[in-house]
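Inside the fold
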Amino acid sequence: MDVLEFSFCLLIIIMCLAYSTWHLRKKWWKSSVPTNWPLLGMLPGLIRNAHRVHEFVTAFLGEAGGTFEFQGPFFANFDMLITSDPANIHHILSKNFSNYPKGLEFREIFDILGNGIFNVDYELWEIQRKTTMSLMTHPKFQTLLERSMWDTIENGLLPVLDDFVQLGTLFDLQDIFQRFTFDAISKVLLDHDPRSLSSGLPHVPCEKAFNDVVDALLYRHILPKGCWRLQKWLRIGREKKLIQAWEAFDQFLYPCISRKQEELMYKTTKDEDFDIITGYIKAYNQWKNEHNLGNVQEFLRDTFLNLMFAGRDTTSAALTWFFWLLIKNPLVEIKIREEIQQQLHLKEDEILKHFNIEDTRKLVYLHGALCETLRFFPSVSLEHKLPLEFDILPSGHRVSPNAKIVLSFYTMGRMETIWGKDCLEFKPDRWISKQGRVKHEPSFKFPAFNAGPRTCLGKEMAFIQMKLVAAPIIYNYHIQLVEDQIISPSASVIVQMKNGLKVMLTKRVPLHSS
């Protein structure tokens, strides 16, 4: 081919690319569906909307009917099927569960969690799940949970909130909840109080490391693997923060585990004693010869980090969104306050202090408001799956082995086809039956706690924690939202508030005077 022929061919290619680009841009402005650009696929639209990825995905899934085939660049293995269709969710997480394990790619994305319950499949997952379930259903677990929660509320949360009332200063309520849940879960699991929620709000590296982790993990989902692998190798960007978070976790967890092991060596353990770490050590000793569990400290590190990840981030995120929605819906707040007064038998001018776990079950309307919060803002925004074998989803979409499938839980709460025409309204009553009890919704419609065999074991614990925290704040304080702050979900696996929740606090006027 001579120079003229080559130049002519190049001109034709450029003209074709220019026309297709113009045509696609014209189409793009009319649609929420990302443009499929030549060579680059839909990646430019994803990168352009990475800062608002949940809203972006919700928009094009709504237009596409709940399931969408995302086309990645031709040079990267980045095609994926994204779905919020309840039938697909039910099929993947329950009906055909065995075909959709976490898989090696999931474990690579979440490598920081090691061999913990969220990361493993098959026998290792069953060991973790059985052990955790046996401990959480132990008769003394709720006693431990209640004691740890109230210790953190009375000696951490309420004194700090009272300090803000006296000073009349602004503060970030999300930061307070993150510190609270970190301290509370550390007490339950490790019998250790890091006191991140105390006067002056000290910086605790491990507590803050969780925020860097959830940001980095979402970007591992939306960037081609080669991009974040390169960042990891170069120790730059979010991967650098992930490496630093890993170090912070290890520096916190290993000394706590060693201290607890040393205490147990010199302690005469009685049959009636109940201790979380002892339960996991027994499980390790029972299974270590049959499975590659690593050494006992690695096993405990991975186990506790997974549980802390759930106990700190998911609950704090839900509480933050709950109070924002409450501020936006004052009639709901009044109704919850009335329920607290009636069910806990409080006088109108009485301060709410201690109440037990059994009392939390009486707060049905509060439960409905928390469910409604999780419908809008499920703490875990998505799930990532890779099928082992060829499959056809209920929506009719065909998936090949190792095809990337993303389940968008965030989108599901905003779909009219799932929740009706009032899906964008905050209505706690949709969770209450005519008999005045909590109304159950199937997990494939409401997957805030996942669905199928991997349904979250800590669901009941999460509701207990949220009610124990929410009720005293609602009944004893008045929260005022700082104006002109931008409230939006962070681009992370855990749906936190991007810029926190800035508020002012005052002591509440008694109910009869309000």
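It should be emphasised that the depicted structure is a prediction, and the values quoted were computed from it without experimental measurement. (Residues numbered from 1 in each chain as written. Predicted model: local features only at pLDDT ≥ 70, side-chain atom pairs only at ≥ 80, totals over all residues. Heavy atoms only, no water.)

1. Some thoughts on the overall build of the chain
Convention followed: Each helix corresponds to a stretch of at least 4 residues labelled H or I by DSSP, and each strand to a stretch of at least 2 residues labelled E; elements are numbered beginning at the N terminus. We compute the radius of gyration from the C-alpha atoms alone; for a globule the expected value is 2.2 Å times N to the 0.38, where N is the number of residues. Each residue's exposure class comes from its accessible area (1.4 Å probe, protein chains only) as a fraction of the maximum for that residue type: buried when under 20%, exposed when over 50%, partly exposed otherwise. Here, residues are in contact when the closest pair of their heavy atoms is within 4.5 Å. All accessible-area figures derive from a Shrake-Rupley calculation using a 1.4 Å probe, and residue coverage is judged against the displayed protein chains alone. For the purpose of counting charges, residues Lys and Arg are taken to be positive, whereas Asp and Glu are taken to be negative. His and the chain ends are not included. Charged side chains are reduced to one point each, which is NZ for Lys, CZ for Arg, CG for Asp and CD for Glu.
Of the regular secondary structure elements, the chain holds 19 helices and nine strands. For 514 residues, the compact-globule estimate of 2.2 N^0.38 gives 24 Å, and the chain sits close to it at 25 Å. The C-alpha extent of the chain, read off along each of the three principal axes, is 90 × 60 × 45 Å. The proportion of buried residues among the 514 residues of the chain is 54%. For the chain, long-range pairs separated by at least 24 residues make up 72% of all intrachain contacts whose partners lie at least 6 apart in sequence. Total accessible area on the chain is roughly 24000 Å²; 56% of this is exposed by carbon and sulfur atoms. With 59 positive and 59 negative side-chain charges, the chain shows a spacing of 3 Å between the two charge centroids.

2. Examining the side chain of Arg508
For clarity, the cut-off: Counted as salt bridges are all cases of a side-chain nitrogen of Lys or Arg within 4 Å of a carboxyl oxygen of Asp or Glu.
Among the structural elements, Arg508 can be located in the segment after β9 (502-507). With no salt bridge to any partner, buried Arg508 finds its closest opposite charge in Glu333, at an N-O distance of 7.1 Å. Not counting residues within four places of it along the chain, the set of residues in contact with Arg508 comprises Arg337, Glu348, Ile474, Tyr475, Asn476, Tyr477 and His478.

3. Thoughts on the state of the cysteines
This is how it is decided: For this text, the term disulfide refers to a pair of cysteine sulfurs within 2.5 Å.
Applying the stated criterion across every chain yields a total of zero disulfides. Lacking any disulfide linkage, Cys456 is separated from the closest cysteine sulfur, that of Cys371, by 13 Å.

4. What about unusual backbone geometry?
Located in the positive-phi region is Leu39, a residue other than glycine, with phi close to 70°. Mapped onto the fold, Leu39 is located in the loop between α1 (3-28) and α2 (43-48).

5. Topic: the layout of surface pockets
Here is the rule: Buriedness of a pocket was judged along seven lines, with at least five required to meet protein on both sides within 12 Å; pockets are open sets of points on a 1 Å grid over the protein atoms alone, cavities are sets where a 1.4 Å probe fits but cannot get out, and lining residues have an atom within 4 Å of a point. Grid points are joined across faces, edges and corners, and a volume is the space filled by probe spheres set on the points. Each residue gets one of three labels, nonpolar for Ala, Val, Leu, Ile, Met, Phe, Trp, Tyr, Cys and Pro, charged for Asp, Glu, Lys and Arg, and polar for the others, Gly among them.
What the largest pocket holds in volume is close to 390 Å³. Residue lining of the largest pocket: 22 residues in total, with His367, Cys371, Val438, Lys459 and Phe463 positioned closest to the centre. With five residues, helix α19 (residues 459-476) is the largest single contributor of residues to the lining of the largest pocket. Classifying every residue of the lining of the largest pocket gives ten nonpolar, six polar and six charged. A volume near 320 Å³ is recorded for the second largest pocket.

6. Here's the deal with the confidence of the model for the chain
So the rule is basically this: Values of pLDDT, ranging from 0 to 100, describe the predictor's confidence in every residue of the model.
Of all residues in the chain, 92% attain a pLDDT of 70 or more, and the chain-wide mean is 89. Every residue in residues 3-9 scores below 50 in pLDDT, and together they form two contacts with partners more than four places removed in sequence or on other chains.

7. Examining helix α8 (residues 173-190)
Definition in use: Residue count minus one, scaled by 1.5 Å, sets the expected span of a helix. Any pair of N or O atoms that falls within 3.5 Å is considered a polar contact. Within protein, one atom must be able to donate a hydrogen and the other to accept it, and sequence-neighbouring residues count only if both atoms are side-chain atoms.
The end-to-end C-alpha distance of α8, which contains 18 residues, comes to 25 Å, matching closely the 26 Å that a straight helix rising 1.5 Å per residue would cover. In terms of residue burial, α8 counts as a mostly covered element, since 18 of its 18 residues are buried. In this structure Asp172 caps α8, since a side-chain oxygen of it lies 3.0 Å from the backbone nitrogen of Gln174. The positive-phi residue at the C-terminal boundary of α8 is Asp191, with phi of around 55°.

8. Section: empty space enclosed by the protein
Summed over the entire model, instances satisfying the criterion amount to five cavities of 30 Å³ or more. What the largest cavity holds in volume is close to 870 Å³. What lines the largest cavity is a set of 46 residues, among which Phe118, Ala310, Thr314, Val380 and Cys456 lie closest to the centre. Those elements giving two or more residues to the lining of the largest cavity turn out to be α6 (122-136), α8, α12 (276-287), α13 (296-328), β4 (382-385) and α19. It is α13 that contributes the most residues to the lining of the largest cavity, seven residues altogether. Of the residues belonging to the lining of the largest cavity, the class tally is 32 nonpolar, ten polar and four charged. The calculated volume of the second largest cavity comes to roughly 200 Å³. Lining the second largest cavity are 17 residues, with Val53, Val57, Ile222, Leu382 and Val406 sitting closest to its centre. For the lining of the second largest cavity, the elements supplying multiple residues, two or more each, are α3 (53-64), β2 (80-83), α9 (205-222), β7 (404-408) and α17 (409-412). Among the residues forming the lining of the second largest cavity, the class breakdown is twelve nonpolar, five polar and no charged.

9. Describing the pairing of β7
Stated precisely, the cut-off is as follows: At least two DSSP bridges between two strands are needed for those strands to be called paired.
Counted residue by residue, β7 has five buried out of five residues, so it is predominantly covered. On β7, burial covers both faces: Lys404, Val406 and Ser408 on one face and Ile405 and Leu407 on the other are all buried. Where β2 and β7 come together, four bridges link them in parallel fashion. Residue pairing in the sheet places Leu81 in a bridge with Ile405 of β7. Taken together, the four bridges between β4 and β7 define a ladder with antiparallel strand orientation. Paired with Leu382 across the two strands is Ser408, which belongs to β7.

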